[in-house]
Amino acid sequence: MKLTREGKRFFLATIIIGFAAFNTGNNLIFLILSMMLSFLVLSLAVLTLNMHRLTLRISQDQPVYAKRTSRIPITLTNRKQSLAAYSIRVLVPGEENNGVLFPKVPGASEISSAVPVRFRKRGRYQFGSFPIESTFPFILISRKTDCPVEGGILVYPEIRDIERMLPDTAGKTHEVSYISSRSSDEFSRIREFRYGDDWRKIHWKASAKTGEFMVMEYAEEESKRMTIVFDNLKPRDAEAFEKSVSFAASTAERLIAEGYFVRLMTCRKLIPFGTGREHLFKILDVFALIEGQDSWECPASSGPEGFTILILNSEESPLRKYHALSDKVFYASDL
Amino acid sequence: MPQIYKLLTAILAFAGCISLVITGEINPFMMITGIGLFPGYYRFLRGMAPAAKWAVSSFSFLTLIVFFFDSFVISNDSFLGVAHLTITFQVIKSFDLKEPWDHLQVYFMALLQLIVASELTNSIAFGIIFLLFLVAFVSAMVLSHFVKEGTTGKVSVCAPVFAISVLALFFTFLFFVALPRVSGKIWGKSHIKSIKTVGFSERVDFGSFGDIKADPAVIMRIELSAAAGRPCYWRGMSLNYFDGTSWTNTLEKDRIYKDGELFLIRPFTKESAIVQRIFLEPMDNEVLFGMSDIAAVESAGYSMTTDSAHSLFLPFKKGKRFNYLAYSNRDSIPVAENNLQRYLQLPPGMEAISRLAIDITNPGDSTDQKAQKIERYLMRNYSYSLSVPQPPEGMSPIDDFLFNTRKGYCEHYATAMVLMLRTLGIPARIVTGFFGGETNDYGQYIIVRQSNAHSWIEADIDGIWKRFDPTPPVSEDVTSGISLFLDMIRMKWERYIVAFSLFDQREIARFVSLPFRLPSMPEMKSLRGTVLVIVFALPAGLVLVWVIMKSLRWKRYGLVTGYYLRVRDLVRKRGGAITPFSTPAEVSSEAVRTGMGGRVSEFINIYEEHRFGGKNMTEEARANYKELFREISN
């Protein structure tokens with residue numbers, strides 16, 4: 001709680017009037033002093049009451065990327081039975097904005113508003129509380145307090161322009177090697193079910209015969225497979241690691257946008273081949289939270305498959321064993 | 001900016017100026033500038049552009065020059081000079097209203113005007129304006145908030161304005177009752193004009209009562225216990241020495257102090273005493289009035305004086321309203337003086353009066369019979385008149401009254417009777433005070449006016465001071481019902497607001513604490529100066545020093561760097577890791593980290609452009625820079 005610029009002047013005026021009142025003993029000046037004091041007391045009391053029993057809920061209705069402005073819906077709930085809350089400004093910590101202002105939230109109701117937010121880092125943001133601020137009813141005292149926040153936000157890594165680094169990924173090199181002349185809906189083969197496969201592709205007859213789930217694979221899928229092997233094993237340079245995460249996420253985003261079936265292999269995480277928006281989000285979910293690991297325990301049943309992009313932490317990385325199997329190799333320090 | 005907000009600013013500016021005008025103390029010539037408020041606010045309400053800056057500055061400068069001239073020459077009173085100055089500044093400001101801060105300046109100026117007015121008047125009109133001001137001020141302040149937030153029009157402000165106005169009234173009342181009334185009087189003098197009275201000074205010129213008998217100004221209002229008879233004599237003081245043209249009080253005064261809550265003059269019992277709560281208007285004398293014989297007084301104050309004639313005096317002139325409870329005994333004043341010769345003093349040339357006294361009375365009459373005969377004689381054979389011509393050259397005014405004109409007013413009758421009794425060897429003295437008064441049935445109190453001023457006599461009749469009033473009765477003007485009703489409101493205003501005192505606070509505290517048996521309020525006498533200094537002067541001095549130091553601290557860096565350093569300071573205060581070596585970029589990034597928003601980055605960009613980019617700051621950029629600072633600091 002602090003006095004605003006106007007509040008400081010008002011307070012000073014109150015002290016001077018107080019001095020005049022006690023000096024003269026004039027009851028009419030006491031009357032004016034009483035008015036001034038009542039303003040200060042009301043500022044405090046109404047302000048405290050105004051910000052009492054408020055809660056926030058934050059939700060995510062669209063992907064949020066680091067270093068990109070997104071509009072996050074924030075819901076302010078006024079749990080007071082009948083008293084409205086006025087002029088509540090919700091400040092999103094660490095963000096370059098003046099928050100969002102809720103001019104009025106009637107008693108026992110809630111109001112939502114989207115706040116433009118630009119997160120600097122990826123990760124899961126569980127805020128616990130947001131600062132809320134108000135100067136209601138006057139402009140004399142400003143109060144800032146923490147308001148509990150329900151919900152959280154998953155911030156995906158920064159998506160960068162990788163055209164310079166992968167100028168021909170979607171173009172030629174691998175297509176020459178992998179794209180067959182078969183049409184895209186032509187049946188290619190039956191293979192074992194892998195984590196992430198579409199259940200609708202299960203070949204029930206073959207599964208019954210083998211006792212294992214078997215799926216049908218089509219020519220298009222076979223021809224447009226991409227594997228991203230991301231090295232998150234004992235990263236040394238945090239900044240370089242973040243850049244490599246951003247690069248990997250950007251690569252996945254671009255490849256899926258171009259219709260590729262992308263698989264992600266990292267320490268302890270595997271996202272099997274898949275494509276489409278939902279599949280991209282699965283990969284980005286991993287990248288949003290990925291951290292360095294001590295050992296390579298990739299749950300992949302097989303090694304790199306299809307066109308493979310290997311993103312390594314350093315030249316000494318144990319994952320260099322995939323170097324020979326990879327079509328493209330990137331080092332974090334170069335990104 | 002909503003029209004209602006503009007209108008409220010206009011109302012507050014007008015309220016401030018009107019509060020000064022109603023005091024009747026403002027020089028009409030100096031008030032002329034106030035007319036400028038009409039075009040000023042007309043332009044403002046119609047949304048016309050503010051006046052040019054040079055014009056505002058020039059007029060402001062001119063006003064300051066006029067202020068000094070006014071304070072030392074025209075009004076010869078700096079207090080009135082300030083009153084005139086604020087009116088002119090209100091007018092200038094009405095032509096220069098741009099942002100919400102300007103409106104706040106208008107409110108503060110109106111507040112100052114109210115304070116000045118409160119020192120110049122106690123009238124109920126001030127109370128009405130104050131009430132209007134309070135409601136408008138609350139509304140304007142709430143609207144200021146919404147204007148600042150940019151949400152006017154999006155939110156209905158009626159409900160919060162109404163609720164907060166009611167709360168503000170309630171808290172104002174609460175504070176008014178609770179704030180301790182300890183008057184320090186460290187500096188300044190009261191500017192309330194007191195009523196000029198006659199007959200209550202140590203020396204009273206004969207014939208002076210005639211000038212005030214036509215004055216309807218209210219002198220006091222009295223709530224009287226039902227047991228008292230009517231009409232009443234409100235005894236003031238006695239005069240014992242007459243030199244032929246003037247009366248003088250030559251009695252010595254003794255100081256008396258409070259005994260508990262009472263100034264005890266002589267023994268009495270509360271049950272049998274006549275209780276009078278008296279509200280005196282500001283007067284130019286120290287005399288306390290009451291029904292004879294006042295035995296005790298309950299009031300604020302720490303001492304008073306009394307003389308052997310049982311007159312009571314305050315240690316100061318009643319420059320302010322004063323209220324007290326007087327307890328009067330029903331029995332007459334016993335003669336307890338050794339020196340009765342002073343009541344037999346006669347000026348030279350009393351032979352004719354002596355003969356008249358002897359003619360009126362019989363030698364065998366008792367003193368009481370003699371006094372009654374003289375009283376009756378004067379009452380029957382002389383007529384009451386306020387238009388008494390000057391006596392012929394060489395004739396004393398009392399001889400002129402008794403033997404020539406045979407008409408006069410109370411002073412003539414009382415003086416004539418005192419002199420006649422003294423020529424007969426009966427000690428007598430003249431008493432000044434008020435007689436009668438008008439009963440206001442609306443408020444159950446008596447209004448005593450200047451026109452009720454009266455003089456009568458007290459004579460030593462068998463060891464007691466007996467009152468005689470030889471003035472024939474005069475019919476009084478009847479006041480209309482509306483006037484009485486208005487006077488009742490005025491009485492309430494004066495009783496509960498203007499004259500509210502520590503005494504009343506004690507009564508309230510006593511009433512409130514009754515069921516809880518709380519200790520009574522402490523005596524504030526010994527503390528009052530210290531309380532005032534500790535509570536106000538010391539913090540105010542510290543705040544002043546702090547403001548000056550702060551202002552000087554930033555000023556030496558110049559505007560651009562000074563404001564930047566302040567922003568840096570703000571970021572540090574909000575938890576930013578700022579060291580003296582932090583670069584602007586680091587400050588910017590810390591500001592973002594601590595949630596101060598992008599305005600800081602914008603501010604720092606402007607700072608860098610002008611600090612290091614070799615750019616000169618234009619007037620507009622300067623204003624923008626300052627505005628950004630304000631936004632950040634808020």
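Residues numbered from 1 in each chain as written. Chains lettered and ligands numbered in written order. Predicted model: local features only at pLDDT ≥ 70, side-chain atom pairs only at ≥ 80, totals over all residues.

Draft legend 1. Spotlight on the overall build of chain B. Each helix and strand counted, chain B has 19 helices and 22 strands in total. Expected size for 634 residues packed as a compact globule is a radius of gyration near 26 Å; at 34 Å, chain B overshoots this value by more than 25%. Its C-alpha atoms put chain B at 115 × 60 × 45 Å along the principal axes. Residues counted as buried form 37% of the 634 residues belonging to chain B. Long-range contacts, defined as pairs at least 24 residues apart, comprise 76% of the intrachain contacts of chain B with a sequence gap of at least 6. (Helix = DSSP H or I, 4+ residues; strand = E, 2+ residues; numbered from the N terminus. Rg over C-alpha atoms; globule rule 2.2 N^0.38 Å. Buried ≥ 20, exposed ≤ 12 C-beta atoms within 10 Å, placed from the backbone. Contact = placed C-beta atoms within 7 Å.)

Draft legend 2. Just the domain arrangement of chain B, in detail. The domain boundaries assigned to chain B delineate domain 1 (3-178), domain 2 (203-481) and domain 3 (557-633). One C-alpha centre belongs to domain 1 of chain B, the other to domain 3 of chain B; they are set 35 Å apart. (Domains from an automatic or database assignment.)

Draft legend 3. Representation of the confidence of the model for chain B. Residue and element names in this part refer to chain B. Residues with a pLDDT of 70 or more make up 92% of chain B, whose mean pLDDT is 85. Within chain B, no element has a lower average pLDDT than helix 15 (residues 528-555), which sits at 70, and none a higher one than helix 1 (residues 3-21), at 94. Interface scoring of the predicted complex returns ipTM 0.72; its pTM is 0.71. (pLDDT = per-residue confidence, 0-100.)

Draft legend 4. Summary view of the packing of helix 5 (residues 78-94) of chain B against helix 6 (residues 100-120) of chain B. Residues and elements named next belong to chain B. Two numbers describe how helix 5 lies on helix 6: the axes approach to 10 Å, and their chain directions differ by 155 degrees. Of the possible angle classes, the one that applies to helix 5 and helix 6 is roughly antiparallel. For the crossing formed where helix 5 meets helix 6, the hand is left-handed. Of helix 6, the residues touching helix 5 (which contributes Phe-79, Val-82, Ala-83, Thr-86, Phe-89, Gln-90 and Lys-93) are Asp-102, Gln-105, Val-106, Met-109, Leu-112, Gln-113 and Val-116. Of the residues contributing to the contact of helix 5 with helix 6, the split by class is 8 nonpolar, 4 polar and 2 charged. (Axes fitted to C-alpha atoms, helices over the stretch in contact; angles between N-to-C directions. Parallel < 35°, antiparallel > 145°, perpendicular 65-115°, else oblique. Left-handed = near helix turned anticlockwise from the far one by under 90°. Nonpolar A, V, L, I, M, F, W, Y, C, P; charged D, E, K, R; others polar.)

Draft legend 5. Geometry of the packing of helix 1 of chain B against helix 3 (residues 37-45) of chain B. Residue and element names in this part refer to chain B. Running from amino to carboxyl end, helix 1 crosses helix 3 at an angle of 170 degrees, the nearest separation of the two axes being 10 Å. It follows that helix 1 is roughly antiparallel to helix 3 by the angle criterion. Here Gln-3, Lys-6, Leu-7, Ala-10, Ala-13, Phe-14 and Cys-17 of helix 1 come into contact with helix 3, specifically with Leu-37, Tyr-41, Phe-44 and Leu-45. Considering only residue class, the contact of helix 1 with helix 3 consists of 9 nonpolar, 1 polar and 1 charged.

Draft legend 6. Examining the interface of chain A and chain B more closely. On the side of chain B, 57 residues touch chain A, which itself brings 49 residues to the contact. Mapped by element, the contributors of at least two residues to the side of chain A that touches chain B are helix 1 (5-24), helix 2 (27-50), strand 5 (85-90) and strand 6 (100-105) of chain A. No other element matches the 15 residues that helix 2 of chain A contributes to the side of chain A that touches chain B. Grouping the amino acids of the side of chain A that touches chain B by side-chain chemistry returns 30 nonpolar, 15 polar and 4 charged.

Draft legend 7. Spotlight on the sheet that holds strand 11 (residues 294-299) of chain B. Residue and element names in this part refer to chain B. If you walk across this open sheet you meet the 11 strands as 9-13-12-6-7-11-14-8-2-20-19, and the pairing is antiparallel. The open sheet is flanked by strand 9 (287-288) and strand 19 (438-440), the only strands paired with a single partner. Pairing between strand 2 (residues 218-224) and strand 8 (residues 274-280): 5 bridges, direction antiparallel. Within the sheet, the bridge partner assigned to Leu-224 lies in strand 8 and is Gln-276. (Pairing = 2+ DSSP bridges.)

Draft legend 8. Expanded view of the nonpolar core. Grouped together as the largest cluster of nonpolar side chains are 215 residues, with contacts concentrated most on A:Ile32, A:Val262, B:Leu12 and B:Met417. Counting 14 residues, the second-largest nonpolar core is a separate cluster that includes B:Val587, B:Val600, B:Ile604 and B:Ile606. (Core = buried A, V, L, I, M, F, W, Y, C linked by C-beta atoms within 7 Å.)

Draft legend 9. Spotlight on the pairing of strand 21 (residues 453-461) of chain B. Residue and element names in this part refer to chain B. Most of strand 21 sits inside the fold, with 9 of its 9 residues counted as buried. Going residue by residue along strand 21, you find Ala-453, Ser-455, Ile-457, Ala-459 and Ile-461 tucked away on one face and His-454, Trp-456, Glu-458 and Asp-460 tucked away on the opposite face as well. Judged from the 7 bridges that link them, strand 18 (residues 428-435) and strand 21 form a sheet pairing that is antiparallel. Bridge pairing in strand 21 places Arg-429 opposite Glu-458. With 5 bridges connecting them, strand 21 and strand 22 (residues 464-468) associate as antiparallel partners.

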